[in-house]
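# Close look at the chain arrangement
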Amino acid sequence: MITYEKLPLEVRQAINQLGENFRLARLRRRMSQDDVAKACQITRKTLYGLEKGDPGVSLGTAFSALWALGLLGSAQALANPDEDEHGKILDAARQPKRVRQSTPSDNDF
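Residues numbered from 1 in each chain as written. Predicted model: local features only at pLDDT ≥ 70, side-chain atom pairs only at ≥ 80, totals over all residues. Heavy atoms only, no water.

What follows concerns the overall build of the protein. Within the protein, the regular secondary structure consists of five helices and zero strands. Taken from the N to the C terminus, the helices and strands of the protein come in the order α-α-α-α-α. Taken over the C-alpha atoms alone, the protein extends approximately 75 × 35 × 25 Å along its principal axes. Looking at the protein as a whole, 21% of its 109 residues are labelled buried. Taking the contacts inside the protein whose residues are at least 6 apart along the sequence as the reference set, 52% of them involve residues at least 24 apart. Of the accessible surface of the protein, which amounts to about 9,000 Å², a share of 53% is contributed by carbon and sulfur atoms. Looking at the protein, you have 16 positive and 14 negative side-chain charges, and the mean spots of the two groups are 8 Å apart. (Helix = DSSP H or I, 4+ residues; strand = E, 2+ residues; numbered from the N terminus. Buried < 20%, exposed > 50% of the residue type's maximum accessible area, 1.4 Å probe, protein only. Contact = heavy atoms within 4.5 Å. Areas by Shrake-Rupley, 256 points an atom, 1.4 Å probe, with all protein chains shown as cover. Lys, Arg positive; Asp, Glu negative; His and termini not counted. Charge placed at Lys NZ, Arg CZ, Asp CG, Glu CD.)

Take a look at the structure:
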């Protein structure tokens, strides 16, 4: 199991912010923790952990909570390769500098 202290500071901050976002979305929808937990088929304690930024909460649980809150579509932007400018630059650098013309084959079968 991952210990919270071993995670990089930026990761801990991102997990905490995500938990706060889940909590705020739930409150704005006037949904109780019990309502969301039942919809996700998890315990209220697990949902509490998600909202508190527990890194041990599974990715499946987080996506289930997004679904229950009607926010699953926002998860599609997560790690979207079309938004990965650094990856695009690296990929372009690996492209060949020139492309040779193929020579026609003399074999006429």
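Back to the write-up after that little detour.
This part covers unusual backbone geometry. The backbone of Arg30 sits at a positive phi, close to 55°, despite the residue not being glycine. Relative to the elements of secondary structure, Arg30 occurs in the loop between helix 1 (9–28) and helix 2 (33–40).

Another point: a nonpolar patch on the surface. A cluster of nonpolar side chains, contributed by Leu59, Phe63, Trp67, Leu72 and Leu78, occupies part of the molecular surface with about 530 Å² of accessible area. Tracing the backbone shows Trp67 in helix 4 (residues 59–68). For Trp67, a relative accessible area of 53% translates into the label exposed. (Patch = residues over 30% accessible without salt bridge, like charges linked within 9 Å, V, L, I, M, F, W, Y side chains within 5 Å. Salt bridge = Lys/Arg side-chain N within 4 Å of Asp/Glu carboxyl O.)

A few words on the pattern of salt bridges. Taken as a whole, this structure holds two salt bridges when the rule is applied. Lys88 is the salt-bridge partner of Glu85, the closest N and O atoms lying 3.5 Å from each other. Residue Glu85 and its partner Lys88 are both found in helix 5 (residues 85–93); the two are separated by three residues, about one turn of the helix. The exposure class assigned to Glu85 is partly exposed, which follows from its relative accessible area of 49%. Given the relative accessible area of 38%, Lys88 is considered partly exposed.

Another point: the nonpolar core. Formed by 15 residues in total, the largest nonpolar core has its most connected members in Phe22, Val36, Cys40 and Leu50. Listing elements by their share of this core, those giving two or more residues are helix 1, helix 2, helix 3 (44–52) and helix 4. If one sorts the elements of this core by residue count, helix 4 sits on top with four residues. In this structure Phe22 touches Leu50, Glu51, Ala62, Ala65, Leu66 and Leu69, once residues within four positions along its chain are discounted. (Core = buried A, V, L, I, M, F, W, Y, C linked by side-chain atoms within 4.5 Å.)

Looking at the largest pocket, its volume works out to about 300 Å³. Lining the largest pocket are 18 residues, with Leu18, Phe22, Leu50, Leu59 and Ala62 sitting closest to its centre. The set of elements that each furnish at least two residues to the lining of the largest pocket consists of helix 1, helix 3 and helix 4. Here the lining of the largest pocket is built from residues that sort into 12 nonpolar, five polar and one charged. (1 Å grid on protein atoms, 1.4 Å probe; cavity = no way out; pocket = protein on both sides within 12 Å on 5 of 7 lines; lining within 4 Å. Points joined across faces, edges and corners; volume = space filled by probe spheres on them. Nonpolar A, V, L, I, M, F, W, Y, C, P; charged D, E, K, R; others polar.)

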